[in-house]
Amino acid sequence: LAKTTQPISMDSYEGQEVNITCSHNNIATNDYITWYQQFPSQGPRFIIQGYKTKVTNEVASLFIPADRKSSTLSLPRVSLSDTAVYYCLVGENAGNNRKLIWGLGTSLAVNP
Amino acid sequence: KAGVTQTPRYLIKTRGQQVTLSCSPISGHRSVSWYQQTPGQGLQFLFEYFSETQRNKGNFPGRFSGRQFSNSRSEMNVSTLELGDSALYLCASSLFSNQPQHFGDGTRLSIL
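Residues numbered from 1 in each chain as written. Chains lettered and ligands numbered in written order. Predicted model: local features only at pLDDT ≥ 70, side-chain atom pairs only at ≥ 80, totals over all residues. Heavy atoms only, no water.

> Requested: an account of the overall build of chain A, with residues and values cited.
Each helix and strand counted, chain A has 0 helices and 11 strands in total. Along chain A, helices (α) and strands (β) appear in the sequence β-β-β-β-β-β-β-β-β-β-β when read from the amino end. Scaling as 2.2 N^0.38, a compact globule of 112 residues should have a C-alpha radius of gyration of about 13 Å, and chain A matches this with 14 Å. Overall, the C-alpha framework of chain A stretches about 45 × 30 × 20 Å when taken along its three principal axes. In chain A, which comprises 112 residues, the share counted as buried stands at 47%. In the structure as shown, chain A presents an accessible area of about 5700 Å², 51% of it carried by carbon and sulfur atoms. Each charge class in chain A was averaged separately, 9 positive and 8 negative side chains, and the resulting centres sit 9 Å apart. (Helix = DSSP H or I, 4+ residues; strand = E, 2+ residues; numbered from the N terminus. Rg over C-alpha atoms; globule rule 2.2 N^0.38 Å. Buried < 20%, exposed > 50% of the residue type's maximum accessible area, 1.4 Å probe, protein only. Areas by Shrake-Rupley, 256 points an atom, 1.4 Å probe, with all protein chains shown as cover. Lys, Arg positive; Asp, Glu negative; His and termini not counted. Charge placed at Lys NZ, Arg CZ, Asp CG, Glu CD.)

Following this line, the structure appears as structure tokens:
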């Protein structure tokens, strides 16, 4: 089974750029890489999704190398409200039973 | 439009009992997925339903089952509850399987 690996925790300061990397082997050819953010007592919230190269939206950028075995979520100029757990989601085809594999999440702490 | 709604928010049961959790997806979304979240295991995929059919299934015992109705609302049932079933159960909906998912805030299930 494919496994995703993320750092367990990261620390940053307000105004800095934060990069969180997720490693994922055996990603399926037609699967996307998706990142979510989760605050305590809430469900995860979608941040960004990509297939290859670079994707950017109003809150983040996603960098995916050509081999697609990893991805990096980039959060520009973080604020205290960005303190949360960030998850990397990669779909995996296991025969006819597509299993959705989540990383264990990276707990980001943004300090003043 | 309204987000994903899960009921109840909190539930306390005892070992051996069974429980049914409910999820109302975003209007128009046909894919509904269920996840179990625990501190030690993180988010684990249970199953996905699309147009009333189970499309994908994770590695959970048969005590965990679900169904989806014609209006896309979904229920998850856990029979013969065990202490280890204590967790936050999250429901997510999307237009199609590879689209970003929108999560509810979960049902916190505690087994005594």
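> How would you explain the sheet that holds strand β6 (residues 53–56) of chain A if you had to name every residue and give the values?
Residues and elements named next belong to chain A. Ordered in space as β1-β3-β8-β7-β6, the 5 strands form an open sheet in which the pairing is antiparallel. In this open sheet, the two edge strands, each paired with only one partner strand, are β1 (4–5) and β6. Here strand β7 (residues 61–64) runs beside strand β8 (residues 70–75); their pairing, made up of 3 bridges, is antiparallel. Bridging across to β8, Phe63 finds its partner in Thr72. (Pairing = 2+ DSSP bridges.)

> Can you lay out the sheet that holds strand β8 (residues 74–78) of chain B for me, pointing to particular residues and giving the numbers?
Residues and elements named next belong to chain B. Here 4 strands make up an open sheet; going across it, the order is β1-β3-β8-β7 and the pairing antiparallel. The sheet is open, and its two edges are formed by β1 (5–7) and β7 (64–68), each paired on a single side. Taken pair by pair, the neighbouring strands of this sheet meet at an average axis angle of 20°, ignoring direction. Judged from the 3 bridges that link them, β1 and strand β3 (residues 19–24) form a sheet pairing that is antiparallel. Note on β3: the bridge partner recorded for Thr5 is Ser24. (Axes fitted to C-alpha atoms, helices over the stretch in contact; angles between N-to-C directions.)

> Before we move on, can you summarise the interface of chain A and chain B with the specific residues and values?
Facing the 21 residues of chain A at the interface are 20 residues of chain B. Taken together, the two surfaces of chain A and chain B that pack against each other cover about 1700 Å², and 46% of this comes from carbon and sulfur. Across the chain A-chain B interface, the total number found is 0 salt bridges. Within the residue set of the side of chain A that touches chain B, elements represented by two or more residues are β4 (33–38), β5 (45–50), β9 (84–94) and β10 (97–102) of chain A. Of the residues forming the side of chain A that touches chain B, the biggest block, 5 residues, is contributed by β10 of chain A. Of the residues in the side of chain A that touches chain B, the class split is 10 nonpolar, 8 polar and 3 charged. (Contact = heavy atoms within 4.5 Å. Buried area = accessible area lost by both parts, 1.4 Å probe. Salt bridge = Lys/Arg side-chain N within 4 Å of Asp/Glu carboxyl O. Nonpolar A, V, L, I, M, F, W, Y, C, P; charged D, E, K, R; others polar.)

> Before we move on, can you summarise the side chain of Gln68 of chain B with the specific residues and values?
Residue and element names in this part refer to chain B. With respect to the helices and strands, Gln68 occurs in strand β7. There is a polar contact of 3.1 Å between the side chain of Gln68 and the backbone oxygen of Arg30. Within polar-contact distance, the side chain of Gln68 engages the backbone oxygen of Ser72 at 3.2 Å. Setting aside its immediate chain neighbours within four residues, Gln68 contacts Arg30, Val32, Tyr49, Phe50, Ser51, Glu52, Thr53, Arg73 and Ser74. (Polar contact = N/O pair within 3.5 Å; in protein donor to acceptor, adjacent residues only side chain to side chain.)

> Could you give me a rundown of the state of the cysteines, with the residues and numbers involved?
With the rule as written, the count across this model stands at 2 disulfides over all chains. The disulfide partner of Cys22 of chain A is Cys88 of chain A, and the gap between their sulfur atoms is 2.3 Å. Taking the torsion about the sulfur-sulfur bond, which here is approximately -80°, the covalent link between Cys22 of chain A and Cys88 of chain A counts as left-handed. Of this pair, Cys22 of chain A sits in strand β3 (residues 18–24) while Cys88 of chain A sits in strand β9, and the two are 66 residues apart along the sequence. Each member of the pair Cys22 of chain A and Cys88 of chain A is classed as buried. The disulfide that involves Cys23 of chain B links it to Cys91 of chain B, with 1.8 Å between the sulfurs. Looking down the S-S bond of the Cys23 of chain B and Cys91 of chain B bridge, the torsion is -60°, so its handedness is left-handed. Of this pair, Cys23 of chain B sits in strand β3 while Cys91 of chain B sits in strand β9 (residues 87–94), placing them 68 residues apart in sequence. The exposure classification of Cys23 of chain B matches that of Cys91 of chain B, with both residues buried. (Disulfide = S-S within 2.5 Å.)

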